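A closer look at the structure
This is what each chain is made of:
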Amino acid sequence: MNNFFLFIASEFTSSVGDGVYRVALNWALVARYDSARVLALVQFLGLLFGAVVQWRSGQLIDRYHGKRVLVTIDFVLGLVTAGLSWLAFKRPDEYPPLLSLLFIMTLGAIGAAVEPAFFSMMTAVRQRPANATANSWMLGSYAVSGILGPVFGGILIQASGVWTGFAVDALSFFIGAALMTRVAVDVSSERHEKSLYTGQNPWLWTWRTVVVRRIFTFEAFTNFTVATFMIGLPLIVSRIPHAGALGLGFFYGSFYLGVFTATVIVPRWVQKLPQAIVAYSSPFAIVLGMFLALYGHYVGLAVPGVFLAGFGLPWIDVLTRGAVLESVPQYLLGRITAVGSVVSTVSKLIALAIIAAWGALDPIWVMLASAWLAFSAYLLTTSRAVHGSVSF
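Conventions used here
Residues numbered from 1 in each chain as written. Predicted model: local features only at pLDDT ≥ 70, side-chain atom pairs only at ≥ 80, totals over all residues. Heavy atoms only, no water. Helix = DSSP H or I, 4+ residues; strand = E, 2+ residues; numbered from the N terminus. Buried < 20%, exposed > 50% of the residue type's maximum accessible area, 1.4 Å probe, protein only. Contact = heavy atoms within 4.5 Å. Areas by Shrake-Rupley, 256 points an atom, 1.4 Å probe, with all protein chains shown as cover. pLDDT = per-residue confidence, 0-100. Axes fitted to C-alpha atoms, helices over the stretch in contact; angles between N-to-C directions. Parallel < 35°, antiparallel > 145°, perpendicular 65-115°, else oblique. Left-handed = near helix turned anticlockwise from the far one by under 90°. Nonpolar A, V, L, I, M, F, W, Y, C, P; charged D, E, K, R; others polar. Core = buried A, V, L, I, M, F, W, Y, C linked by side-chain atoms within 4.5 Å. Patch = residues over 30% accessible without salt bridge, like charges linked within 9 Å, V, L, I, M, F, W, Y side chains within 5 Å. Salt bridge = Lys/Arg side-chain N within 4 Å of Asp/Glu carboxyl O. Phe/Tyr/Trp six-rings, centres within 6.5 Å; stacked < 30°, edge-to-face > 60°. Lys NZ or Arg CZ within 6 Å of the ring centre and 35° of its normal.

So, on to the overall build of the protein chain. For the protein chain, the count of helices and strands is 15 helices and zero strands. Looking at the protein chain as a whole, 56% of its 392 residues are labelled buried. For the protein chain, restricting intrachain contacts to residue pairs at least 6 apart in sequence, the fraction spanning at least 24 positions comes to 87%. Here the protein chain has roughly 16400 Å² of accessible surface; of this, 67% comes from carbon and sulfur atoms.

Structure representation (structure tokens):
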């Protein structure tokens, strides 16, 4: 089990840095522009090139294995983020927007391969627990890093400036790469036979496999709504007097505290409840939390709303990822995971493009949240009240 914890620790370290980076980037944008359109446009450009990379990353992962891909990516991301930190340090008040955007787009493009590589590698890590437990621990680690990273980042940035947030992110990538080199994987999984590697079209396989197709479509609707909501968080905080970067870190921390709380509960109930019904019911609680955060007009309502939104997501992520692992053969896992990542990224891109073009957040969120709830209701009426991936 220690080997699996080492695997988790590698991703945890870089995820803490990501949390610091998220606060640094979003606060720098809000402080300078205070615009939903600018926030959406910057994130759109970062994700756009990431979608292109994800399109091809599954083949690289299946051919060279996720461990090699992850170590390489973390090291390169560390170098790029260090460059962004240096740029912000040298010109703290007005560093060049186009050059900064180039760094951000590069980070988005390279970092896009992390999720499919990490997820596909999980089945090859030695001393790995059962799928539901492993997924929950992974998501729990991500949630804890989501709490620590933004809170630490908010304190650090408030005290020393945006460049320190980027510097911490760079250091986290280097540490994560070093830890990943120590993770032991099954030799049989280290490289697949070429006949298995070239024999399947992952997109066609996904379309023909009903369970995976339904899950990926559901996750696309989820990302439409969640991406729109996350754009709104910095704007909510910017309207709270004296909140600053620390306030933004606190709101992000509240969101991931909800995620962490749910990951503690999910494994205890995952075998006792119809998994598909639980996953497809969760959007109703998540949308309620988002509504309180966006329209509560009081910190006393906004913070619990953010917490509730975070609390609902693991009931989707843990259960749907477990169903995908049960449904996808090992030799296709990297490519099918990449398909899911591309679907998720493209759905975020569409939401961000709508916000950037329209420039108004509220009507877009209402429209996407309504569509998500309608699709979830349809899936609920067509799912099975049984356990396992067949219920989806």
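Next, the rest of the story.
Residue-level pLDDT values for the protein chain average 80, and 85% of them are 70 or greater. Ranking the elements of the protein chain by mean pLDDT puts helix 8 (residues 194–198) last, at 46, and helix 15 (residues 362–382) first, at 92. Every residue in residues 189–197 is under pLDDT 50, and counting partners more than four places away or in other chains gives 17 contacts.

A few words on the packing of helix 1 (residues 2–33) against helix 7 (residues 162–180). Running from amino to carboxyl end, helix 1 crosses helix 7 at an angle of 165 degrees, the nearest separation of the two axes being 8 Å. It follows from the interaxial angle that helix 1 and helix 7 lie roughly antiparallel. Crossing handedness for the pair helix 1 and helix 7: left-handed. Each residue belonging to the contact of helix 1 with helix 7 can be placed in one class, and the counts come to 15 nonpolar, seven polar and two charged.

Moving on, we come to the environment of Val185. Positionally, Val185 belongs in the loop between helix 7 and helix 8. For the pair Val185 and Met122, spaced 63 residues apart in sequence, the C-alpha to C-alpha distance is 9.1 Å.

Turning next to the nonpolar core. The biggest cluster of nonpolar side chains holds 112 residues, and the ones touching the most others in it are Phe7, Phe229, Phe255 and Phe392. With 14 residues, the single largest contributor to this core is helix 10 (residues 210–238). Apart from residues no more than four positions distant in its own chain, Phe229 is found in contact with Phe255, Met290, Ala293, Leu294, Val306, Ala309 and Trp365.

Bringing a nonpolar patch on the surface into the picture now. A cluster of nonpolar residues, Val151, Ile155 and Leu246, forms a patch on the protein surface that exposes about 230 Å² of accessible area. Within the element layout of this structure, Ile155 appears in helix 6 (residues 131–160).

Right, let's get into the packing of aromatic side chains. All chains considered together, the criterion is met by 13 aromatic pairs. Measuring from ring centre to ring centre gives 4.6 Å for Phe221 and Phe375, while their planes differ by 15 degrees; the resulting arrangement is stacked. On the criterion of sequence distance, the pair formed by Phe221 in helix 10 and Phe375 in helix 15 is long-range, its members being 154 residues apart. According to the relative accessible area criterion, Phe221 is partly exposed, its value standing at 22%. When its relative accessible area of 17% is taken as the criterion, Phe375 is described as buried. Among the aromatic residues, those joined into a cluster by ring pairs are Phe221, Phe224, Phe375 and Tyr378. Residue placement shows Arg22 over the ring face of Tyr252; its charged tip is 5.3 Å from the ring centre. For the cation-ring pair, Arg213 lies above Trp207, with the distance from its terminal atom to the ring centre recorded as 4.8 Å.

So, on to the environment of Val343. Looking at the secondary structure, you find Val343 in helix 14 (residues 333–358). According to the relative accessible area criterion, Val343 is partly exposed, its value standing at 22%. Leaving out residues up to four positions away in the same chain, Val343 has contacts with Trp203, Phe216 and Ala220.

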